[in-house]
Amino acid sequence: MDFSGFLRMLLRQKITLGAIVIAAMLASATVAILQPPSYQTTLLYSTGIGSETQITDGFDATKLADDFANTISGWLRSLDFTKRLSELANTPVSISGETQAKQNFLVNLSYTDNEATSRISELATRMLKEEIAKYNANSKFKFLATLHGETNAVSKPNLILTIAAAGLGGLLLGVGWILLMNLLGGRVASIEEAEKLLGVTAAVSFTSSRSNEINFLEALLKKLGSSAYLMGADVKIEKITKQLKSNYKAAKLPEEANLLVKSEAKPIIVVKLDASKIATLRQIQALAEKELHLVVWG
């Protein structure tokens, strides 16, 4: 299937594709609207070395403090630290550390209980002091961390971005679903495929039962006369027949496959793209004892 054929297939499946995209957007919007706001607290600390520590000429105090800030950031990213803080605060808390320039680091706290802001901040500070004390107990340097500021903010999901992302994801999902169904469903996907399966060139093709091309089918029926049979391959053709003025006989395949071997019948096989089965067309081609006329719908 070439790219133009791929686009035509998507256009035929526009209702399915649109339904998947809309469903994804509605689901994402619902989740975003129902999701409680998220609260963030950011604590700014600076690291240093206590005055009781004697720094020799071989050590750089600033470099040591910067390295210690990286160490603290590592503690804060650990799952154990997050779990303990959540248990003490009695509410889920996400915590992370971020090293800044000049011996500074940030403690980022995220949670959904606005009433717990002060408690969470105090617990995080206390736990950090305890960890530093444990570290100093086994180090010849006595490090310290000083709190310089605290900021609080609230955020909600960006509804527009959420819906846009969901729409794109739904589009990709829909395209993938249509391709998968086309590959696994064994359906006819193009005029060329229908012609190859039946071994004849399409006499008539139209995209809609209301298109002007339906007049060519009228002409074909008149040409074949009263022996013409409109046979829908795995599809009902009432939408087509309602637009016709000529007298005709209708049938559905494979239910009325015996008409393919009647000498008086002149079969007009109506194939609907993405609906008629490849297996059905193969059987039609194998059983037909007379010339077939192909009409492609879709």
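Structure: above.
Treat the numbers as computed from the prediction; the structure is a model and nothing was measured.

## What about the packing of aromatic side chains?
All told, the structure shown has 9 aromatic pairs when counted by the stated rule. Centroid distance Y39 to Y111: 6.3 Å. Interplanar angle 20°. Geometry classified as stacked. With Y39 in strand 1 (residues 38-49) and Y111 in strand 3 (residues 104-111), the pair connects residues that are 72 residues apart, well separated along the chain. Note on accessibility: Y39 and Y111 belong to one class, buried. Between F68 and W75 the ring centres are 5.9 Å apart and the planes differ by 85°, which places this aromatic pair in the edge-to-face class. The class of F68 is buried, set by a relative accessible area of 1%. According to the relative accessible area criterion, W75 is buried, its value standing at 17%. An aromatic cluster is defined as three or more aromatic residues linked by ring pairs; in this entry it consists of F68, W75, Y135, F141 and F143. One residue, K272, lies across the ring of W297, its end atom 4.3 Å from the ring centre.

## Some words on helix 2 (residues 14-34)
Compared with an ideal rise of 1.5 Å per residue, which puts 21 residues at 30 Å, helix 2 spans 30 Å between its outermost C-alpha atoms and is within 8% of the ideal. Those residues of helix 2 that fall on the buried side of the exposure criterion are L17, I20, V21, A29 and A32. One side of helix 2 holds all its buried residues, which, seen down the axis, span an arc of 155°. When the buried face of helix 2 is taken as reference, the exposed residues oriented beyond 90 degrees from it are I15, I22, L26, V31, I33 and L34. The elements touched by buried residues of helix 2 are helix 6 (159-185).

The rules behind each value
- Residues numbered from 1 in each chain as written.
- Predicted model: local features only at pLDDT ≥ 70, side-chain atom pairs only at ≥ 80, totals over all residues.
- Heavy atoms only, no water.
- Phe/Tyr/Trp six-rings, centres within 6.5 Å; stacked < 30°, edge-to-face > 60°.
- Helix = DSSP H or I, 4+ residues; strand = E, 2+ residues; numbered from the N terminus.
- Buried < 20%, exposed > 50% of the residue type's maximum accessible area, 1.4 Å probe, protein only.
- Lys NZ or Arg CZ within 6 Å of the ring centre and 35° of its normal.
- Expected span 1.5 Å × (residues − 1).
- Arc of directions from axis to C-beta.
- Contact = heavy atoms within 4.5 Å.

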